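# An overview of the molecular structure
In case you want the letters, here they are:
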Amino acid sequence: LASATVQVGVHWDIAWHRSIGRDTFWSPPHMAIYLAAVLAALASGTQILATTFAGPGQRRARAVSVLGFRGPLGAFITAWGGIAMLTSAPFDDWWHNAYGLDVKILSPPHIVLAIGIFAINVGALIFVLGRPSGDDAQSRRRLAGLSFYAGGIIIVALLTLFMERTVRVFMHGAAFYAIVAAVVPAILAAISRTTGHRRAATITAAVYSLFLLALLWLMPLVPAEPKLGPVLVRVTHLIPPEFPLLLIFPAFALDLLWTRTAEWTRTRQAVATGAVFAAVFLVVQWPFANFLMSPGARNYFFGAKYFNYNTPLDAAYIQHRFLPHATTLAAFIGGAAKVLAMATASSWIGLAWGDWMRRLRR
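Scoring rules and cut-offs
Residues numbered from 1 in each chain as written. Predicted model: local features only at pLDDT ≥ 70, side-chain atom pairs only at ≥ 80, totals over all residues. Heavy atoms only, no water. Axes fitted to C-alpha atoms, helices over the stretch in contact; angles between N-to-C directions. Helix = DSSP H or I, 4+ residues; strand = E, 2+ residues; numbered from the N terminus. Parallel < 35°, antiparallel > 145°, perpendicular 65-115°, else oblique. Left-handed = near helix turned anticlockwise from the far one by under 90°. Contact = heavy atoms within 4.5 Å. Nonpolar A, V, L, I, M, F, W, Y, C, P; charged D, E, K, R; others polar. Salt bridge = Lys/Arg side-chain N within 4 Å of Asp/Glu carboxyl O. Buried < 20%, exposed > 50% of the residue type's maximum accessible area, 1.4 Å probe, protein only. 1 Å grid on protein atoms, 1.4 Å probe; cavity = no way out; pocket = protein on both sides within 12 Å on 5 of 7 lines; lining within 4 Å. Points joined across faces, edges and corners; volume = space filled by probe spheres on them. Phe/Tyr/Trp six-rings, centres within 6.5 Å; stacked < 30°, edge-to-face > 60°. Lys NZ or Arg CZ within 6 Å of the ring centre and 35° of its normal. Expected span 1.5 Å × (residues − 1). Bend = angle between axes of the 7 residues up to and from the residue. Core = buried A, V, L, I, M, F, W, Y, C linked by side-chain atoms within 4.5 Å.

Turning to the packing of helix α2 (residues 28-52) against helix α5 (residues 108-129), a few remarks are in order. Where α2 meets α5, the axes come as close as 11 Å, and the angle between the chain directions of the two elements is 40°. With respect to α5, the axis of α2 lies oblique. Crossing of α2 against α5: the hand is left-handed. Of α5, the residues touching α2 (which contributes Ile33, Ala36, Ala37, Ala40 and Gln47) are Leu113, Ile120 and Phe127. Looking at the contact of α2 with α5 residue by residue, the classes come out as 7 nonpolar, 1 polar and no charged.

Now the structure itself:
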């Protein structure tokens with residue numbers, strides 16, 4: 001609940017800035033974010049206290065010790081994340097009072113907030129993996145489903161950090177594909193490696209897609225208008241995030257790959273994973289980016305008709321054109337090599353992380 005609430009709050013806050021402008025410390029999106037931090041801290045704190053004061057038994061045997069307290073490892077990580085998020089709140093308020101409206105997502109207080117959010121999501125995943133799965137199939141399916149959910153939300157959270165560099169105007173440039181390749185394969189590989197499910201990557205990518213689609217389709221139903229100038233574009237509702245990236249296609253390809261390469265070494269598997277992810281994602285996202293720039297995407301379903309209230313009328317984004325990108329053969333080869341290197345490194349990290357998390361499973 002905390003994991004979902006914080007992502008709703010973050011995207012609501014971004015939409016607030018894009019649609020209304022300056023907010024206050026007590027704005028509804030901020031309250032959603034702080035609520036998520038409190039929920040995470042309370043839920044994990046309850047687990048820690050219950051384990052600390054429990055008598056000898058299996059519960060304490062599975063726990064770790066931190067500063068005299070005992071509890072599940074995931075609970076400690078989540079508790080720290082909630083505290084970091086709450087710590088960022090007054091820091092962010094001071095930052096706004098000193099420097100005004102955010103012009104970038106990654107301001108110093110937002111970095112502290114992002115670290116806390118990541119800790120909540122990872123802590124929730126590790127907590128799930130550390131739970132005894134039992135011998136019945138229903139229990140194993142429930143824990144696997146929670147793992148897919150946590151992985152999908154982690155992808156949402158990480159890509160939100162780079163939202164300013166992954167919108168459609170960048171989708172014909174190598175930097176866009178390098179960012180996605182550096183983030184996504186690690187999460188897909190980790191979840192698949194940990195759960196051992198044949199469709200783990202596909203389901204995880206589906207969670208990411210459905211979450212963003214819900215925001216894309218629901219936010220425009222909420223009335224909003226700018227309260228801060230200059231107002232260059234007429235806005236009457238919350239501005240949602242863009243249509244989700246087509247990650248489900250490379251995720252499906254990776255699921256097929258991993259069923260055939262289970263006996264390979266980690267390095268060999270990482271190279272194959274990186275190559276397949278980069279190739280499939282490029283093949284599907286590049287032409288889809290062309291479609292997003294076309295009149296056919298300027299509707300409620302695909303959402304290519306929404307713009308910030310302060311978007312300059314001569315901006316590439318509002319004129320539906322890509323930013324300049326290299327077109328020479330040498331530049332293409334260099335960009336492709338960079339994307340492949342990022343995807344391979346990310347895949348290796350994800351596989352290694354997955355092997356570590358698999359040892360947490362009981």
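Turning to the pattern of salt bridges, a few remarks are in order. Taken as a whole, this structure holds 5 salt bridges when the rule is applied. Between Arg266 and Asp355 there is a salt bridge, with the nearest N and O atoms lying 2.9 Å from each other. Placement of the pair is Arg266 in helix α10 (residues 266-292) and Asp355 in helix α11 (residues 329-358), with a sequence separation of 89 residues. The partly exposed category is assigned to Arg266, whose relative accessible area is 29%. Shared partners join several salt bridges into a network, and the residues in it are Arg193, Arg266, Asp355 and Arg358.

Glancing now at the layout of surface pockets. If you add up the space inside the second largest pocket, you get close to 500 Å³. Counting residues per element, the lining of the second largest pocket draws most heavily on α11, which supplies 7 residues. Among the residues making up the lining of the second largest pocket, the classes are represented as 22 nonpolar, 6 polar and no charged.

It is worth spelling out the side chain of Ser347 at this point. Relative to the assigned elements, Ser347 resides in helix α11. With relative accessibility at 0%, the residue Ser347 sits in the buried group. Filtering out sequence-adjacent residues up to four positions away, Ser347 remains in contact with Pro185, Ala189, Ala270, Thr273 and Gly274.

Turning next to empty space enclosed by the protein. In total, this model carries 1 cavity of 30 Å³ or more according to the counting rule given. As a volume, the largest cavity reaches approximately 40 Å³. In terms of residue class, the lining of the largest cavity is made up of 4 nonpolar, 1 polar and 2 charged.

Topologically, Ser294 is positioned in the loop between α10 and α11. Residue Ser294 is classed as partly exposed on the basis of its relative accessible area, which comes to 21%. A C-alpha to C-alpha distance of 7.5 Å links Ser294 and His320, two positions 26 residues apart in sequence.

Bringing the packing of aromatic side chains into the picture now. With the rule as written, the count across this model stands at 14 aromatic pairs. Seen from their ring centres, Trp217 and Phe301 are 5.1 Å apart, and the 40° between their planes marks the pair as tilted. Of the two residues, Trp217 sits in helix α8 (residues 200-218) while Phe301 sits in the loop between α10 and α11, which places them 84 residues apart along the sequence. Here Trp217 falls in the partly exposed class, since its relative accessible area comes to 25%. On the accessibility criterion, Phe301 (42% relative accessible area) is partly exposed. Members of the aromatic cluster, joined through ring pairs, are Trp217, Phe243, Phe288, Phe291, Phe301 and Phe302. Positioned above the aromatic ring of Tyr317 is the side chain of Arg168, whose terminal nitrogen or guanidinium carbon lies 4.4 Å from the ring centre. We note Arg266 situated over the ring of Trp348; from NZ or CZ to the ring centre the distance is 5.2 Å.

Turning our attention to unusual backbone geometry. Phi at His320 takes a positive value of approximately 60°, unusual for a residue other than glycine. Relative to the helices and strands, His320 resides in the loop between α10 and α11. With relative accessibility at 16%, the residue His320 sits in the buried group.

Moving on, we come to helix α7 (residues 174-195). Over its 22 residues, α7 extends 32 Å from the first C-alpha to the last, a length consistent with the 32 Å expected when each residue adds 1.5 Å. Remark: the principal bend of α7, roughly 25°, maps to Ala181, with a proline, Pro185, within the next four residues. By the criterion of burial, α7 is predominantly enclosed, with 19 of the 22 residues buried. Following α7 by one or two positions, Gly196 adopts a phi angle in the positive range, close to 70°.

Within the largest apolar cluster, 80 residues are counted, with the highest numbers of intra-cluster contacts made by Val184, Leu188, Leu245, Leu247 and Phe277. Non-local contacts of Leu247, meaning those with residues more than four positions away in its chain, are made with Ile155, Leu159, Val180, Val184, Ala205, Tyr208, Phe277 and Phe281.

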